[in-house]
Amino acid sequence: MKILVLVKQVPDTATKIRLNPGDTAIQTDGIKWVINPYDEFAIEECLRLKEKAGGEVVVLSLGPSRVEEAIRQALAMGADRAIHVMTDAVIDSQVAARALAKVAQEEGYDLIVTGKQAVDDDQAQVGALVAVELGLPQVTVVIELNVDVESRRIRAERELEGASEIVELPMPAVITAQRGLNEPRYPTLPNIMKAKKKEVKSVPLDSLGVDTTPWVRVEELTLPPERPAAKILTGEPEEAAKELARLLHEEAKVI
Amino acid sequence: MDFTLSPEILQMKAAVRDFITHEVEPAARRIEEEDQVPDSLIEASRALGLFGISIPEEYGGLGLSMVDKCAIFEELGQTINGYTTILGAHNGIGSVGIVTFGSPEQKSRYLPRMASGEWVGAFALTEPEAGSNAAAIRTTATKKGTRYVLNGQKIYITNAPEAHVFTVMAVTDPYRGAKGITSFIVEKTFPGFRVGTVEKKMGLHGSHTAQLYFEDLEVPEENVLGQEGEGYVNALKILANGRAGLAARALGSCQYLLDRSTRYALERQQFEKPIFEQQIIQHYLAEMATEIETLRWMTYRVAWMADQGANVIKEAAMLKLYGSEVYNRVADKAVQIHGGIGYIADYPIERFYRDARITRIYEGTSEIQKNIIAAQLKKEYAE
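Residues numbered from 1 in each chain as written. Chains lettered and ligands numbered in written order. Predicted model: local features only at pLDDT ≥ 70, side-chain atom pairs only at ≥ 80, totals over all residues. Heavy atoms only, no water.

**Q** Kindly report on the overall build of chain A, identifying the contributing residues and their values.
**A** Each helix and strand in chain A was counted, giving six helices and 11 strands. Seen through its principal axes, chain A has C-alpha atoms that stretch 70 × 45 × 40 Å. Within chain A, buried positions represent 44% of all 255 residues. Within chain A, contacts between residues at least 6 apart in sequence are counted, and of these 71% link residues at least 24 apart. With an accessible surface of roughly 14000 Å², chain A has 50% of that area assigned to carbon and sulfur atoms. (Helix = DSSP H or I, 4+ residues; strand = E, 2+ residues; numbered from the N terminus. Buried < 20%, exposed > 50% of the residue type's maximum accessible area, 1.4 Å probe, protein only. Contact = heavy atoms within 4.5 Å. Areas by Shrake-Rupley, 256 points an atom, 1.4 Å probe, with all protein chains shown as cover.)

**Q** Can you explain the overall build of chain B? Please cite residues and give values.
**A** The number of helices and strands found in chain B is 12 helices and 10 strands. The C-alpha extent of chain B, read off along each of the three principal axes, is 80 × 55 × 40 Å. Partitioning the intrachain contacts of chain B with sequence separation of at least 6 by distance along the chain shows that 74% fall at a separation of at least 24. Element-wise, carbon and sulfur atoms account for 52% of the exposed surface of chain B, whose accessible area totals about 16900 Å². Averaging the coordinates of the 40 positive side-chain charges in chain B and doing the same for the 49 negative ones gives two points 4 Å apart. (Lys, Arg positive; Asp, Glu negative; His and termini not counted. Charge placed at Lys NZ, Arg CZ, Asp CG, Glu CD.)

**Q** Before we move on, could you go through the interface of chain A and chain B and cite the residues and values that matter?
**A** Each partner contributes to the interface: chain A provides 12 residues, whereas chain B provides 16 residues. Approximately 1300 Å² of surface area, both sides summed, lies buried where chain A meets chain B, with 68% of it carried by carbon and sulfur atoms. Together, A:Tyr186, A:Leu189 and A:Met193 form the three largest contributors to the area buried by chain A at its contact with chain B, with a combined 54%. If you look at where chain A meets chain B, you find one salt bridge. A:Lys197 is the partner of B:Glu57 in a salt bridge, and the nearest nitrogen-oxygen pair spans 3.3 Å. Where chain A packs against chain B, one counts five residue pairs in polar contact (both at pLDDT 80 or more). When contributions to the side of chain A that touches chain B are tallied by element, the ones reaching two or more residues are α2 (68-77) and α5 (189-195) of chain A. It is α5(A) that contributes the most residues to the side of chain A that touches chain B, four residues altogether. The residue inventory of the side of chain A that touches chain B, partitioned by class, reads seven nonpolar, two polar and three charged. (Buried area = accessible area lost by both parts, 1.4 Å probe. Salt bridge = Lys/Arg side-chain N within 4 Å of Asp/Glu carboxyl O. Polar contact = N/O pair within 3.5 Å; in protein donor to acceptor, adjacent residues only side chain to side chain. Nonpolar A, V, L, I, M, F, W, Y, C, P; charged D, E, K, R; others polar.)

**Q** For the side chain of B:Ser45, give the residues involved together with the corresponding values.
**A** One can find B:Ser45 in helix α3 (residues 39-48). Not counting residues within four places of it along the chain, the set of residues in contact with B:Ser45 comprises B:Phe19, B:Leu50, B:Phe51 and B:Tyr83.

**Q** If you had to explain the nonpolar core to someone new, which residues and values would you point to?
**A** When a protein is soluble and globular, its nonpolar side chains tend to lie buried together. A:Ile154, B:Leu50, B:Leu150 and B:Phe166 are the most contacted members of the largest nonpolar core, which has 151 residues in total. It is helix α8 (residues 231-267) of chain B that contributes the most residues to this core, 14 residues altogether. Residues A:Leu6, A:Val58, A:Val85 and A:Val103 belong to the second largest nonpolar core, which totals 25 residues. (Core = buried A, V, L, I, M, F, W, Y, C linked by side-chain atoms within 4.5 Å.)

**Q** Give me the lowdown on a nonpolar patch on the surface, citing residues and values where you can.
**A** Together, B:Met1, B:Phe3 and B:Trp297 line one region of the surface with nonpolar side chains, adding up to about 440 Å² of accessible area. Relative to the elements of secondary structure, B:Phe3 occurs in the segment before α1 (7-24). (Patch = residues over 30% accessible without salt bridge, like charges linked within 9 Å, V, L, I, M, F, W, Y side chains within 5 Å.)

**Q** How would you explain the domain arrangement of chain B if you had to name every residue and give the values?
**A** All names here are of chain B. Assigned domains within chain B: domain 1 (7-116), domain 2 (121-228) and domain 3 (233-382). Spacing between the C-alpha centres of domain 2 and domain 3 amounts to 30 Å. Across the boundary between the two partners, domain 2 contributes 12 residues, which contact 11 residues of domain 3. Across the interface of domain 2 and domain 3, roughly 850 Å² is buried in total on both sides, 70% from carbon and sulfur atoms. When the buried area of domain 2 at its contact with domain 3 is split by residue, Phe123, Met202 and Leu204 rank highest and sum to 52% of it. Our count for the contact surface shared by domain 2 and domain 3 stands at zero salt bridges. On the surface where domain 2 and domain 3 come into contact, there are four residue pairs in polar contact (both at pLDDT 80 or more). Considering only residue class, the side of domain 2 that touches domain 3 consists of six nonpolar, six polar and no charged. (Domains from an automatic or database assignment.)

**Q** How would you explain the domain arrangement of chain A if you had to name every residue and give the values?
**A** Taken domain by domain, chain A holds domain 1 (2-208) and domain 2 (225-255). For domain 1 of chain A versus domain 2 of chain A, the separation of C-alpha centres amounts to 43 Å.

**Q** Give me the packing of α8(B) against helix α9 (residues 279-307) of chain B: which residues, what numbers.
**A** When two helices pack together, their arrangement is given by the angle between the helix axes and by the axis-to-axis distance. All names here are of chain B. Packing of α8 against α9 brings their axes to within 10 Å, and their N-to-C directions diverge by 155°. The orientation of α8 relative to α9 falls into the category roughly antiparallel. In the crossing of α8 with α9, the sense of the turn from one axis to the other is left-handed. Counting all contacts with α8, which are made through Ala244, Ala247, Ala248, Leu251, Cys254, Gln255, Leu257, Leu258, Ser261, Thr262 and Ala265, the residues of α9 involved are Ile281, Leu285, Met288, Ala289, Ile292, Leu295, Arg296, Thr299 and Tyr300. Classifying every residue of the contact of α8 with α9 by side-chain character gives 15 nonpolar, four polar and one charged. (Axes fitted to C-alpha atoms, helices over the stretch in contact; angles between N-to-C directions. Parallel < 35°, antiparallel > 145°, perpendicular 65-115°, else oblique. Left-handed = near helix turned anticlockwise from the far one by under 90°.)

**Q** I'd like a description of the packing of aromatic side chains, backed by residues and values.
**A** Residues and elements named next belong to chain B. Summed over all chains, the structure comprises nine aromatic pairs over all chains. Between Tyr110 and Trp119 the ring centres are 5.9 Å apart and the planes differ by 45°, which places this aromatic pair in the tilted class. Each member of the pair Tyr110 and Trp119 is classed as buried. Look at Tyr256 and Phe352: their rings are 4.6 Å apart centre to centre, the planes differ by 20°, and that puts the pair in the stacked class. Note that Tyr256 is positioned in helix α8 and Phe352 in helix α11 (residues 349-357), a separation of 96 residues in sequence. By relative accessible area, Tyr256 is classed as buried at 9%. One aromatic cluster is present, formed by Phe3, Trp297 and Tyr300 through successive ring pairs. Above the ring of Phe51, the side-chain terminus of Arg46 is found at 5.9 Å from the ring centroid. One residue, Arg113, lies across the ring of Trp119, its end atom 4.2 Å from the ring centre. (Phe/Tyr/Trp six-rings, centres within 6.5 Å; stacked < 30°, edge-to-face > 60°. Lys NZ or Arg CZ within 6 Å of the ring centre and 35° of its normal.)

**Q** Break down the pattern of salt bridges for me, with residues and values.
**A** Summed over the entire model, instances satisfying the criterion amount to 40 salt bridges over all chains. Here A:Arg158 and A:Glu165 are joined by a salt bridge, their closest N and O atoms 2.8 Å apart. A relative accessible area of 16% means that A:Arg158 is categorised as buried. In this structure A:Glu165 comes out as partly exposed when scored by relative accessible area, which is 30%. In this structure, B:Glu34 and B:Arg30 form a salt bridge, with 3.5 Å as the shortest nitrogen-oxygen distance.

Pasting the structure below:
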């Protein structure tokens with residue numbers, strides 16, 4: 001079984017986001033870059049599938065040269081090789097999906113897995129758009145995955161608001177991973193050494209022959225407003241509870 | 001000069017950092033109080049590959065250069081020293097002898113199992129009457145047919161209760177002094193081998209040190225490590241090799257203490273301002289930072305020299321001496337900056353302070369390091 005896993009490099013979730021006036025992207029100097037946490041669930045699931053069914057896990061990433069660090073991390077976790085679509089350009093989800101789909105088409109696959117969304121711009125589009133580009137069935141926000149290699153059928157549980165649903169679909173397909181699907185492994189030190197020798201093929205975005213005109217352009221970025229200081233209610237419990245109920249109703253408007 | 005570490009080593013440091021944060025640090029209090037590293041943590045350390053740091057890749061280890069090893073050890077130094085001493089003794093003096101002097105047969109028997117951590121390594125030189133004067137050991141090894149029979153006692157053997165494989169020094173020819181000492185690879189399962197009681201220590205809780213008793217201990221002749229009569233020289237080389245790793249761990253601990261102390265000084269308010277605003281505190285921190293930076297480059301320079309195949313006996317002794325002394329000075333200042341809370345066991349500073357003390361004693365005291373340095377100077381200038 002050949003599995004492609006789409007991995008995005010994003011700023012560490014603990015990063016303090018900085019913007020200068022007029023910026024349409026965050027300041028990236030001094031940022032620590034990591035694998036998108038949802039993509040880590042995707043990688044882990046691919047490795048487990050490979051351990052069960054055999055085959056190959058190929059990492060597919062898009063972005064500037066710094067992305068190689070994330071690719072090496074995925075290889076150290078146990079992926080077999082990688083393809084890096086190289087670009088310094090600012091692109092939108094549509095262009096990313098077109099490029100990744102093109103490479104996937106050339107590479108061939110039984111399954112494409114990625115995170116349900118990237119934690120940087122939180123658009124949750126690329127997985128779904130790749131499925132559209134390739135004309136594949138897809139199942140998103142997956143919390144449990146069963147793949148029957150013999151019958152080439154997938155049974156997946158996906159999370160809905162307040163419920164979950166079980167879907168069945170044929171292979172090949174696109175799957176996007178949600179937290180809870182698994183517990184991603186640490187790369188071990190020997191595997192980090194081994195990853196050094198694994199192949200990372202670099203492909204310039206411009207060489208793919210896909211339309212790289214973005215559909216979406218960022219006009220403006222602003223930081224969320226500072227959170228107001230917490231209100232502390234004092235006094236007799238009875239009075240405080242009354243006041244709390246009033247505030248929740250009139251100011252916070254949650255009850 | 002290029003001081004950058006390779007991407008793989010940076011990745012390994014990050015993996016170790018992650019492991020320390022999520023697995024080791026949460027267990028630190030328990031390790032300290034129970035004087036025992038939980039089996040699950042040892043198991044997780046094995047899985048991460050922490051037992052193969054010194055072992056060549058062909059035998060299942062990481063095959064790292066000394067510079068790279070020190071980078072990993074520096075990271076490990078940032079957590080509870082008792083835990084890292086188990087790894088340090090195994091990856092240092094516990095396995096380096098076999099890596100350096102072992103025959104191909106010895107290497108293939110021992111190294112893969114040591115790299116995986118299935119077999120822990122230890123080094124047995126010190127005896128009740130032979131501490132700093134290591135050549136005065138009295139454990140005897142008498143050849144009988146195809147075996148050597150060892151009799152004697154060793155003390156302060158780190159990892160003794162956990163280890164399976166011991167690099168043991170014993171006297172094969174009592175008339176030749178230091179040149180009559182031979183090194184052996186001894187397994188704990190050999191008949192006549194016994195581990196004594198575990199010592200109670202001031203610090204390094206979780207790491208165990210114990211006596212060893214050899215009563216007609218039978219060692220097959222193929223377990224002689226290197227040549228007969230070269231045991232003392234081997235021991236000195238093993239110890240010299242271990243010194244860079246030891247200093248790198250001390251360096252990591254110093255860095256941890258500087259980080260904690262600086263943050264604390266910036267937060268702790270006295271006289272309506274952070275204590276950092278007191279010039280004396282600034283000077284303490286500046287002195288700590290400067291000594292740590294000096295130690296850092298000394299560590300990597302000695303490691304780099306060792307990687308070039310240079311003789312580093314003098315430099316490794318300087319590094320061991322300086323690293324231990326700096327660690328003790330930094331730990332002392334860290335306690336002083338923290339004040340009362342630096343003395344309280346709920347907080348890790350006092351633990352580092354106690355753990356630091358042994359570095360001036362074990363694997364060659366500070367005084368012995370000075371003797372080694374002076375002896376090398378005499379050699380250089382008298383010739």
